[in-house]
Amino acid sequence: MKVLVVGGGGREHAICWKLKQSPSVHELYCAPGNGGIASIAQCVPIAATDVEAMVAWAREHAMDFVVVAPDDPLALGMVDALEAAGIPAFGPRKNAAVIEASKIFSKNLMAKYHIPTAKYQAFTGLDAALSYVEAEGAPIVVKADGLALGKGVIVAQTVDEARAAVRAMMSDGKFGAAGARLVIEECMTGPEVTVLAFCDGAHLLCMPSSQDHKRAFDGNQGPNTGGMGAISPSPNYTQAVAQRCMDEIFLPTVAALQAEGRPFQGVLYFGLMLTPSGPKVVEYNARFGDPECQAVLSLLESDLLEIFQACRTGTLDKVDIRWKSGAACCLVLASGGYPAAYQKGYPISGLEQAGRSAVVFHAGTRLSGDGTVLTNGGRVLGVTATGLDLEAAIQAAYAAAKEISFTDMQFRTDIGRV
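Nothing here was measured: the structure is a model prediction, and the numbers come from that model. (Residues numbered from 1 in each chain as written. Predicted model: local features only at pLDDT ≥ 70, side-chain atom pairs only at ≥ 80, totals over all residues. Heavy atoms only, no water.)

Participant: Report on the overall build of the protein chain, specifying residues and quantitative values.
Facilitator: The secondary structure content of the protein chain amounts to 13 helices and 22 strands. Computed over C-alpha atoms, the radius of gyration of the protein chain comes to 20 Å, within 12% of the 22 Å expected from 2.2 N^0.38 for 418 residues, which places it in the range of a compact globule. Overall, the protein chain is about 60 × 45 × 40 Å in size when its C-alpha atoms are taken along their principal axes. By sequence separation, contacts in the protein chain at least 24 residues apart represent 68% of the contacts at least 6 residues apart. A total accessible area of about 16,300 Å² is found for the protein chain, and carbon and sulfur atoms account for 50% of it. (Helix = DSSP H or I, 4+ residues; strand = E, 2+ residues; numbered from the N terminus. Rg over C-alpha atoms; globule rule 2.2 N^0.38 Å. Contact = heavy atoms within 4.5 Å. Areas by Shrake-Rupley, 256 points an atom, 1.4 Å probe, with all protein chains shown as cover.)

Written out as structure tokens, the structure reads:
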């Protein structure tokens, strides 16, 4: 089969890496790809959000299957457009991807179907939002309604900080149209856990749990990022917690989307908080998380393409998905200054050495004219290792990362340990 993966980050590198292992995949393409993906797939210079160009290219080159991985093209309806053109595609259609594209939609869905989540209010006007913050006090969470590259959430510790966040989003346009509407919710406490699940519209199969580390600096300090590392499975996600999540959150969410005429086919991301009163939903995503994807897919033994096809055809209940025992750790190596301003274009050394004991997934890289791998983003690499247990996986990831260097490289030293 000729398969195209849409996207160009670490998540897409991990998906390509796993698809490359499928005996059914004879030609693999990625648009736009990156410097690391280029070693296993043919990169196509089309922006992931250019729906029209992507569909035209896939049709012209007779793609047998297309995997739409990032949030933006899913929200734009790329899967709908591909299927309308007769090209089988993996990922939720636009009317189901809205579960991530609009936080107001997802919160209202949870309220309607009694799925546990934080108390909230939605706002379209500045004055009402500011008044609500004053009345509720702090800590409080301010969320942009739309997609904001994983950075549209402010956990405000003071009322002044919350008011500033509201103004930044609604008045100053910090996140553009994504911040024109807000969700303001209570600040929940407890360990955070991510559970990714394959869905075919009616059935759901959960992957091993994972834990993302969003804050930029050690000790969970500093600004929110797209993710500085992830482990799988999470030590906090016990069998008892898993059963409760299945009964109270996972199955009700799939059923709710079905009932609303929005059957979800793809990967549904459950961001959970294990609060003192039980697990609650922090957020949904309509695709693999990044860097959770890199850690979780490192543990997958089954054929990923077969799973993707089963999600599309509604036959997920017929698939036997096998996972390795043990654990995985993905450590993100980022550009100095990330998630704020940073420089690009620095040569990266030590990739071959690191690759002997870990898988180095590329996120923000590109190839120079002479084939040198250069930095080209905030999150540059995801050094991913597996081990017999979590500590072994963590140690292996950090040992491999020591082989890599580039100017102003930064990373957390406590992934999996906080």
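So much for the structure itself; the text now carries on.
Participant: Can you break down the packing of helix α5 (residues 94-101) against helix α6 (residues 103-112) residue by residue, with the values?
Facilitator: Geometry of a packed helix pair, given as the angle between the helix axes and the separation of the axes. The interhelical angle for the contact between α5 and α6, taken along N-to-C directions, is 95 degrees, at an axis separation of 6 Å. Between α5 and α6, the angle falls in the class roughly perpendicular. Every residue of α6 that contacts α5 at Val 98, Ile 99, Glu 100 and Ala 101 is listed here: Lys 103, Phe 105, Ser 106 and Leu 109. (Axes fitted to C-alpha atoms, helices over the stretch in contact; angles between N-to-C directions. Parallel < 35°, antiparallel > 145°, perpendicular 65-115°, else oblique.)

Participant: Talk me through the sheet that holds strand β15 (residues 229-232); I want residue IDs and the actual numbers.
Facilitator: Overall, antiparallel pairing links the 5 strands, which are arranged β12-β15-β18-β22-β19 in an open sheet. Each end of this open sheet is capped by a strand with a single partner; those strands are β12 (211-212) and β19 (359-362). Taken together, the 4 bridges between β15 and strand β18 (residues 327-334) define a ladder with antiparallel strand orientation. Counterpart to Ser 232 in the pairing with β18 is Ala 328. Along the sheet, helix α13 (residues 390-401) makes contact with β15, β18 and β22 (379-387), crossing β18 at roughly 30 degrees. (Pairing = 2+ DSSP bridges.)

Participant: Talk me through the sheet that holds strand β3 (residues 42-43); I want residue IDs and the actual numbers.
Facilitator: Backbone hydrogen bonds are what pair the strands of a sheet, in a parallel or an antiparallel way. Spatial strand order, β3-β2-β1-β4-β5: 5 strands in an open sheet with parallel pairing. Among the strands making up the open sheet, the edge pair consists of β3 and β5 (89-90). Sheet topology places strand β1 (residues 2-7) next to strand β2 (residues 27-32); 6 bridges connect them, and they run parallel. What sits directly across from Val 5, in β2, is Cys 30. Across the sheet, helix α11 (residues 304-313) touches β1, β4 (65-68) and β5, and the angle it forms with β4 is around 85 degrees.

Participant: So what's going on with the environment of Val 332? Residues and values would help.
Facilitator: With respect to the element layout, Val 332 can be found in strand β18. Spatially, the C-alpha atom of Val 332 lies 8.7 Å from that of Thr 384, the residues being 52 residues apart in sequence. Not counting the four nearest positions on each side in its chain, Val 332 is found in contact with Gly 227, Met 228, Gly 229, Pro 291, Arg 379, Leu 381, Gly 382, Gln 410 and Phe 411.

Participant: Explain the packing of aromatic side chains to me, using residue names and the numbers behind them.
Facilitator: Aromatic ring pairs are reported here in terms of the distance separating the ring centres and the angle at which the planes meet. Evaluated as defined, the whole model comprises 9 aromatic pairs. Aromatic side chains Phe 250 and Phe 270 sit 4.5 Å apart centroid to centroid with 45 degrees between the ring planes, which places their arrangement in the tilted category. Placement of Phe 250 in helix α9 (residues 239-259) and of Phe 270 in strand β16 (residues 265-275) is noted, with a sequence separation of 20 residues between them. The exposure class of Phe 250 is buried, given its relative accessible area of 0%. (Phe/Tyr/Trp six-rings, centres within 6.5 Å; stacked < 30°, edge-to-face > 60°. Buried < 20%, exposed > 50% of the residue type's maximum accessible area, 1.4 Å probe, protein only.)

Participant: Give me the packing of helix α1 (residues 10-19) against α11: which residues, what numbers.
Facilitator: α11 packs onto α1 with a crossing angle of 105 degrees between their chain directions and a minimal axis gap of 8 Å. With respect to their mutual orientation, α1 and α11 come out roughly perpendicular. Residue-level inspection shows Ile 15, Lys 18 and Leu 19 of α1 in contact with α11, the latter providing Leu 304, Leu 305 and Phe 308.

Participant: Describe the side chain of Ser 210, listing the residues and the values that go with them.
Facilitator: Considering the arrangement of structural elements, one finds Ser 210 in the loop between β11 (204-206) and β12. Residue contacts for Ser 210: discarding those within four places in its chain leaves Val 193, Thr 194, Ile 231, Ser 232, Ser 234, Glu 292 and Val 296.

Participant: Talk me through α9; I want residue IDs and the actual numbers.
Facilitator: With 21 residues, α9 ought to run about 30 Å at 1.5 Å a step, and its terminal C-alpha atoms sit 28 Å apart, in line with that. Where α9 bends most, at Met 246, the angle is about 50 degrees. Here the buried face of α9 lies against α5, α6, β10 (192-200), β11, β16 and β17 (278-285). Looking one or two residues past α9, Gly 261 carries a phi angle of roughly 75 degrees, positive in sign. (Expected span 1.5 Å × (residues − 1). Bend = angle between axes of the 7 residues up to and from the residue.)

Participant: I'd like a rundown of the pattern of salt bridges, residues and numbers included.
Facilitator: On inspection of all chains with the given rule, the structure shows 18 salt bridges. Between Lys 107 and Glu 185 there is a salt bridge whose closest N-O contact spans 2.8 Å. Here Lys 107 is found in helix α6, whereas its partner Glu 185 is found in strand β9 (residues 182-186), with 78 residues between them in sequence. Across the pair, exposure class does not vary: Lys 107 and Glu 185 are buried alike. Residue Glu 136 pairs with Lys 119 through a salt bridge whose shortest N-O separation is 3.2 Å. In this pair, Glu 136 is assigned in helix α7 (residues 126-136) and Lys 119 in the loop between α6 and β6 (120-123), connecting sequence segments 17 residues apart. (Salt bridge = Lys/Arg side-chain N within 4 Å of Asp/Glu carboxyl O.)

Participant: Talk me through the pairing of β1; I want residue IDs and the actual numbers.
Facilitator: In terms of burial, β1 is largely enclosed, as 5 of its 6 residues are buried. Each parallel crossover has a hand, and the one from β1 via α1 to β2 is right-handed. Where β1 lies against β4, 4 bridges are found, and the strand directions are parallel. Following the sheet pairing, Val 5 is matched in β4 by Val 67. (Right-handed = clockwise from strand over helix to strand, strands pointing away.)

Participant: Describe in detail the side chain of Glu 100, supporting the description with residues and values.
Facilitator: Its place among the elements puts Glu 100 in helix α5. Among the polar contacts listed, one links the side chain of Glu 100 to the backbone nitrogen of Ala 286, at a separation of 2.8 Å. Sequence-distant contacts of Glu 100, that is, excluding residues within four places in its chain, are made with Asp 71, Leu 147, Tyr 284, Asn 285, Ala 286 and Arg 287. (Polar contact = N/O pair within 3.5 Å; in protein donor to acceptor, adjacent residues only side chain to side chain.)

Participant: Outline unusual backbone geometry, listing residues and values.
Facilitator: Residues Ala 138 and Pro 139 are joined by a peptide bond in cis, for which omega reads 0 degrees. Looking at where Pro 139 falls in the secondary structure, it is placed in the loop between α7 and β7 (140-144). A cis amide bond links Ser 232 to the next residue, Pro 233, at an omega of -5 degrees. Note that Pro 233 resides in the loop between β15 and α9. The phi dihedral of Ala 62 falls on the positive side, at around 55 degrees, and the residue is not glycine. For Ala 62, the location among the structural elements is in the loop between α2 (51-60) and β4. For Asp 408, which is not glycine, the phi dihedral falls at a positive 65 degrees. The topology assignment puts Asp 408 in the segment after α13.

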